[in-house]
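Results of the structural survey
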Amino acid sequence: MSQSVLKLSQNDLSRERKESDSALPISEAAWSLKTRALTEMVYIDEVDVDHEGIAEMMLDESSIAQVARPGTSLRLPGTSQGGGPSPAVRPMTQSGRPITGFVRPSTQSGRPGTMEQAIKTPRTAHTARPVTSSSGRFVRLGTASMLTNLDGPFINLSRLNLTKYAQKPNMSKTLFEYIFHHENDVKNALDFAALATEHAQFKDWWWKVQLGKCYYRLGLHREAEKQFRSALNHQEMVDTYLYLAKVYQRLDQPITALNLFKQGLDHFPGEATLLTGIARIHEEMNNITSATEYYKDVLKQDNTHVEAIACIGSNHFYTDQSEIALRFYRRLLQMGVYNCQLYNNLGLCCFYAQQYDMTLSSFERALALVSSDEEQADVWYNLGHVAVGIGDLTLAYQCFKLALAFNNDHAEAYNNLAVLELRKGRIEQSKAFLQTAASLAPHIYEPHYNLATLAEKIGDLQSSYAAAQKAEDAFPEHVDTQQILKSLRQHFAEL
Amino acid sequence: MPEVKSIFREVLPKQGQLSMEDVPTMVLCKPKLLPLKSVTLEKLEKMQLEAQEVIKQQEMALKEQEKVQ
């Protein structure tokens, strides 16, 4: 009797457990769906994102020598061989590299030399350098979680039992992604991933990759490297190669990254993302010819690859082959890319390829599609160039003035306005514009060279010499600067 | 710059040329091709704009509440 009672009660218990078990998967599924939806709202592919803050840039712990050997560093681009067009033909960025055809969040838009310059760089999504990697952009992204739900966060991390969820394979991966991307809580994510890896007995490559990502975010690059390497031992995946290469790039070891990519290509022959990675490294090291070669390989694999087309197009434009550049940009148009930058580039290529019918309508489209003041300033600046080309200097003057109206810090517009003012004979105005341009953008040589010329003409040899030296720093191979310096030195020697 | 370099020989007349002077002229900054943005970058910028707008709206709502009070 007592046994049958026991059996009955056991059956009851098991029936209850079965009922609650059947309810569990449904609620689990709903929870999983909501979590994944919230994560997807803010999900960004980690391979593309750069987390380097100013502090990490200036106080580099992983360097082993004071100065890198030429051709082995991403931070000293000018020292490698096989460069492309000189600054006489191609505009330069703050870091001494020529401007590229394509920009990503991790494109080094500027590597300032001093702390002052570092703080002066503007803080938008594409030129931002957060002060440390834990502030700036990621605080903004973390607020996404606070903004989505005013009643409080969907998942309260401080009260979450991480160990329990780490052992449930159905929910652990979703939860990890939520913590990492939506909440931006890297430390908790790291703990969670460590627990999950333990539970999987260190055999699951996915968790090792996530551990690696967390270490990378926290700046522990060597640990990240170990995790990614061990993940590769378990399972070869393209993403793992990309993450590992990112670690090597952050450690400023481009050659190691290149070797890694080549190893990856052995396992995944013809993989477009690996080829793109190689091309990007070559571009960052200023090897424009090798970069173009690899971008062409990318296009053989995937001929709608926007980055490759844009970069090859811009290289052709700056090597005086505007017709070929035009073909590349028209291909982008065929593919359906429809934004201000493309139409601006089309306009410029049309003009320099002497297809004057399309030039102005392309620029009109570009102006209609602008999304920010800086873009508008750039389009007006290029229109000013077109005006100079057709000889309409009044129009050119107005265009450069408009460019300045939209972006008060547009150094190139100031420089070109100065040239036009000098043609009108207004020397003081020209000098003022040149000084503004030189102070706004000390990395471009034109304002310094122009100041040197102007000062020499009016007889102010001291400032002419100072300006010529700055021009030489920016562009050492410029013949005219050398001539000015030579004549000035002769003059001073005679005194 | 064209990749094939050909050698041009200058033909300078010996008679009739009085003097030659290389005058340093001003240099214009070059036309700027605008780089295209990647999908990630556009998404980042969009998220940033949206977050800013939401914050602005919240601030407006707070201000109105204060005015009412």
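As the structure is a prediction and not an experimental result, all values here were calculated from the model.

**Quick word on the overall build of chain B**
- Secondary structure summary: chain B contains 1 helix and 1 strand in total.
- A compact globule built from 69 residues would reach a C-alpha radius of gyration of about 11 Å, whereas chain B, at 31 Å, exceeds it by more than 25%.
- The 69 residues of chain B split such that 26% are buried.
- Total accessible area on chain B stands at roughly 6300 Å², and carbon and sulfur atoms take up 57% of it.
- Positive and negative side-chain charges in chain B, numbering 11 and 11 respectively, have mean positions lying 5 Å apart.

**Points about the overall build of chain A**
- Helix and strand counts for chain A stand at 24 helices and 1 strand.
- Across the 495 residues that make up chain A, the buried fraction comes to 50%.
- Residue pairs in contact within chain A that sit at least 24 positions apart in sequence constitute 56% of those at least 6 positions apart.
- About 24400 Å² of surface is accessible on chain A, with carbon and sulfur atoms providing 53% of the total.

**Considering the environment of Gly336 of chain A**
Residues and elements named next belong to chain A.
- Mapped onto the secondary structure, Gly336 falls in the loop between helix 15 (322–335) and helix 16 (340–352).
- Given the relative accessible area of 53%, Gly336 is considered exposed.
- On a C-alpha basis, the gap between Gly336 and Tyr295 in space is 20 Å, while along the polypeptide they are 41 residues apart.

**Quick look at the environment of Glu183 of chain A**
Residue and element names in this part refer to chain A.
- Tracing the chain through its elements places Glu183 in helix 6 (residues 169–183).
- You can call Glu183 buried: its relative accessible area is 18%.
- As a C-alpha pair, Glu183 and Ile458 span 275 residues in sequence and 62 Å in three-dimensional space.
- Engagement of the side chain of Glu183 in a polar contact is seen with the side chain of Tyr178, the distance being 3.0 Å.

**Notes on the interface of chain A and chain B**
- Opposite the 69 residues of chain A that make contact, chain B presents 30 residues.
- For the pair chain A and chain B, the summed buried area comes to about 4200 Å², and 67% of that belongs to carbon and sulfur atoms.
- Counting the contacts that link chain A with chain B gives 3 salt bridges.
- With a shortest N-O distance of 3.2 Å, Lys32 of chain B and Asp378 of chain A are connected by a salt bridge.
- Remark: the boundary between chain A and chain B carries 16 residue pairs in polar contact (both at pLDDT 80 or more).
- Class assignment for the residues of the side of chain A that touches chain B results in 35 nonpolar, 20 polar and 14 charged.

**A look at the UniProt feature "repeat: TPR" (unreviewed entry) in chain A**
- Residues annotated by UniProt as "repeat: TPR" (unreviewed entry) correspond here to residues 377–410 of chain A.
- Along residues 377–410 of chain A, the helical share is 82% and the strand share 0%, with 8 Å between the first and last C-alpha atoms.

**Some words on the pattern of salt bridges**
Residues and elements named next belong to chain A.
- Under the criterion given, the structure shown has 9 salt bridges over all chains.
- Of the charged contacts, one joins Asp204 and Lys173 as a salt bridge, the two residues approaching to 3.9 Å between their closest N and O atoms. With a gap of 31 residues between them, Asp204 in the loop between helix 7 (186–199) and helix 8 (205–218) and Lys173 in helix 6 connect regions that are remote in the sequence.
- For Lys173, a relative accessible area of 33% puts it in the partly exposed group.

Reading guide: rules and limits
Residues numbered from 1 in each chain as written. Chains lettered and ligands numbered in written order. Predicted model: local features only at pLDDT ≥ 70, side-chain atom pairs only at ≥ 80, totals over all residues. Heavy atoms only, no water. Helix = DSSP H or I, 4+ residues; strand = E, 2+ residues; numbered from the N terminus. Rg over C-alpha atoms; globule rule 2.2 N^0.38 Å. Buried < 20%, exposed > 50% of the residue type's maximum accessible area, 1.4 Å probe, protein only. Areas by Shrake-Rupley, 256 points an atom, 1.4 Å probe, with all protein chains shown as cover. Lys, Arg positive; Asp, Glu negative; His and termini not counted. Charge placed at Lys NZ, Arg CZ, Asp CG, Glu CD. Contact = heavy atoms within 4.5 Å. Polar contact = N/O pair within 3.5 Å; in protein donor to acceptor, adjacent residues only side chain to side chain. Buried area = accessible area lost by both parts, 1.4 Å probe. Salt bridge = Lys/Arg side-chain N within 4 Å of Asp/Glu carboxyl O. Nonpolar A, V, L, I, M, F, W, Y, C, P; charged D, E, K, R; others polar. UniProt positions renumbered as here; feature names shortened; annotations may be inferred.

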